[in-house]
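Notes for the structure review
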Amino acid sequence: MFSFTYAQQTVPFTTQKAFYIYGDAAVIGNNILSKDKQEPYNDYLLTNDDIDMVYVDIDQDKTTFSSSSANLKLPDNQSKIAYAVLYWSATYSYIKGTRREEDAQFYFQGNRQKNRSLINKVKLKLPGENYQNITGNVLFDGAKIPAFALNAPYVCFADVTKQLQEAKQVNGEYTVANINATQGYVAGGSAAGWMLYVVYEAPTSKPKYITTFNGFSHIGNQPEIISLDEFKTPDKGATSTAIVLATLEGDSALSGDQCIVANPVTNKAWQLQAVNRDKDNFFSSQITSVSTANTVRYPNSSNTLGFDLATVTLPNNDKAVIVNGTEKVDLIFNTKQDRFYLFFTAFNTEISESFLKEIQSNTPVNAIVLTSEKINPNTVSISDNQSVKSNIKTVKAISKTDIKTIGQTENFNITAQSFALKQPVIINKELKQELVVPMSSEILSSKSQNEALSKGDVLISSTNYVRALKIEDKPLETQAFKLLLEKNAAFIEGAKEGYYVINKFFSESQNAINWQKYLKEKGYDSQILIDETEQLFYVYVFHTQNFYDAYMQHKTLLNNALFNQNWVFKVNMIDY
């Protein structure tokens, strides 16, 4: 009767830059939050919200509060930097979150970071040089969007081509500092990191099409697709293709997330996979590359705690999706348990020389053609009288037809799932009686807690919440918490705004009244929420305007058979 879609295209993916070039590209990066300032973190047992996060800070510079580095190694025959872009991303809801355990209960609290002017300013240190200030563009800031307010993720980027072109040396250690993120404990966890993507000219046997996309998309329980075109691979020989992806908040302990490249013409598909990256758990908090020269990092954590940066080379054998004469492919993102934020992808493939000649007179918007005579490249500028066409790509939801076709080809189980409420239940006249210990449906709320909440601080509390989760259950619990918060609100005229812990709902008012009476006889207070438009009657046992209190009360009641199908209903809320 109601459905919720979690794949939120907050900032549609579009082409940032595109190059038709004799050359190649490289990417480096590192995370900026960890369990220790300098020691690498290689554990996979804990989830992010169980770690007291601190800024990684590897330098001895008093002007920086966070810093991490990575080494860039371009080939000796590279002749010129064509393009360089720096991205940084983090969750930044609190300045610092705290957690304490009291009477088997968790309490999370933190001061909201309301100063968002800090997020687009960082420091960049090139090899052998001093820090320089970088002010970037804000691609996305979730602080003021209710669906993202829990962790307030943001993404910024800056064109640093000039800096690298004027650098004393290009190869060597790059350090990025002063990325702002939430330290400490946060319900749902925190993550942060940076990446540097570099396109360079060099003599290659075949020209290449290299394009970068950016946007911000919450990949939840519905697949999404990015279409790639404006290229044509050579008519003969094997084709070399690589894809770069950057995401935030992918959990290493949660499986079921995939990235699939599909050819709509040949009807073939391939799930992205690499060494240490399982095809069914692709986004797993790692930084990986096909080039070992660009994997040197400090610290070199194997678990980068929610920051993912991956470079994958596509097969060019019998499993090849990109074959001779390919002009279009799709990137499909899907997850069954995990959820993550996708903000960057790059596509790098060889193209035919005949296509390169054609594109010079019909160059797409945001694209640059760079040709090379083995060593000395000549820049071909786009003149005013050249015909120009747009190559903006937009993320779209994958259709059921597409899913069926790909599934038939490679047997991939790509299901566009949705969450729906159960159908109304008709109460039997004779209800089974069971002994229940009476309890109050209210959550203890002290004066200090109310004062904290009124200041914008966040506090999770429950008088009866017992810490009983096994380690392996923690990741799924974290995801359930986040997905529940991000559900769209229902709008019911005349209803109090807030979060309702619903026990059952009915299409007949008398059934709702009978059930409410039964709950009261069992010692539980309950009330009825009426939706006159839909003619539905909800029996709820708790109401609050604070999501955390509703969630914890919901979790407490689940242990009782009478409430094992409870759920939280978000009504008339524009914020959490």
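Look up a bit, the structure's there.
Below or above, wherever it landed, is the structure these notes cover.

Reading the values: rules and limits
- Residues numbered from 1 in each chain as written.
- Predicted model: local features only at pLDDT ≥ 70, side-chain atom pairs only at ≥ 80, totals over all residues.
- Heavy atoms only, no water.
- Core = buried A, V, L, I, M, F, W, Y, C linked by side-chain atoms within 4.5 Å.
- Buried < 20%, exposed > 50% of the residue type's maximum accessible area, 1.4 Å probe, protein only.
- Helix = DSSP H or I, 4+ residues; strand = E, 2+ residues; numbered from the N terminus.
- Arc of directions from axis to C-beta.
- Pairing = 2+ DSSP bridges.
- Axes fitted to C-alpha atoms, helices over the stretch in contact; angles between N-to-C directions.
- Salt bridge = Lys/Arg side-chain N within 4 Å of Asp/Glu carboxyl O.
- Contact = heavy atoms within 4.5 Å.
- Expected span 1.5 Å × (residues − 1).

With respect to the nonpolar core
- Membership of the largest hydrophobic core comes to 40 residues, with the highest contact counts inside it found for W88, Y174 and W194.
- Elements represented by at least two residues in this core include exactly β3 (23-31), β6 (67-72), β7 (80-91), β10 (121-125), β13 (153-159), β14 (172-177) and β16 (192-201).

What to know about helix α2 (residues 353-360)
- Of all the residues in α2, the buried ones are F355, L356 and I359. Down the axis of α2, the buried side of the element spans an arc of 105°, and every buried residue falls inside it. α2 presents K357 and E358 as exposed residues on the side facing more than 90 degrees away from its buried surface.

Some details on the sheet that holds β13
- Here five strands make up an open sheet; going across it, the order is β3-β16-β7-β13-β12 and the pairing antiparallel. Bordering the open sheet on either side are β3 and β12 (137-141), each of which pairs with just one other strand. Between one strand axis and the next, the sheet turns by 15° as a mean value, whatever way the strands run.
- As judged from the seven bridges shared by β7 and β13, these two strands associate in the antiparallel manner. Bridge pairing in β13 links W88 to C156.

Some remarks on the pattern of salt bridges
- Scanning the model with the defined rule gives six salt bridges in all.
- Measuring nitrogen to oxygen at the nearest pair gives 2.8 Å for the salt bridge that ties D141 to R116. Taken together, the residues span a long stretch of sequence, with D141 in strand β12 and R116 in the loop between β9 (105-112) and β10 at a distance of 25 residues.
- Note on D141: relative accessible area 23%, which makes it partly exposed.
- Residue R116 is classed as buried on the basis of its relative accessible area, which comes to 14%.

Brief notes about the environment of G215
- Its location among the elements puts G215 in strand β17 (residues 208-219).
- Sequence-wise, G215 and T14 are 201 residues apart; in three dimensions their C-alpha atoms are separated by 6.7 Å.
- G215 has contacts with V11, P12, F13, L139, L342 and F343, leaving out every residue within four places of it along the chain.

Re the environment of A346
- On the secondary structure map, A346 appears in strand β26 (residues 340-350).
- Take A346: its relative accessible area is 2%, and that puts it in the buried class.
- Sequence-wise, A346 and A25 are 321 residues apart; in three dimensions their C-alpha atoms are separated by 9.4 Å.
- Apart from residues lying up to four places away in sequence, A346 is in contact with Y197, T211, T212, A242, I243 and V244.

Some words on helix α6 (residues 509-521)
- Here α6 contains 13 residues, and its C-alpha end-to-end distance of 19 Å stays within 8% of the 18 Å for a straight helix at 1.5 Å per residue.
- Of the positions making up α6, those classed as buried are N511, A512, W515, Q516, Y518 and L519. Along the axis of α6, the buried positions cluster into a sector of 160°, meaning they face one direction only. Exposed residues lying more than 90 degrees from the buried face of α6 are K517 and E521.
- Each element contacted by the buried residues of α6 is listed here: β32 (498-506), β33 (527-531) and β34 (536-544).
- Residue G523 follows α6 closely and has a positive phi angle near 100°.

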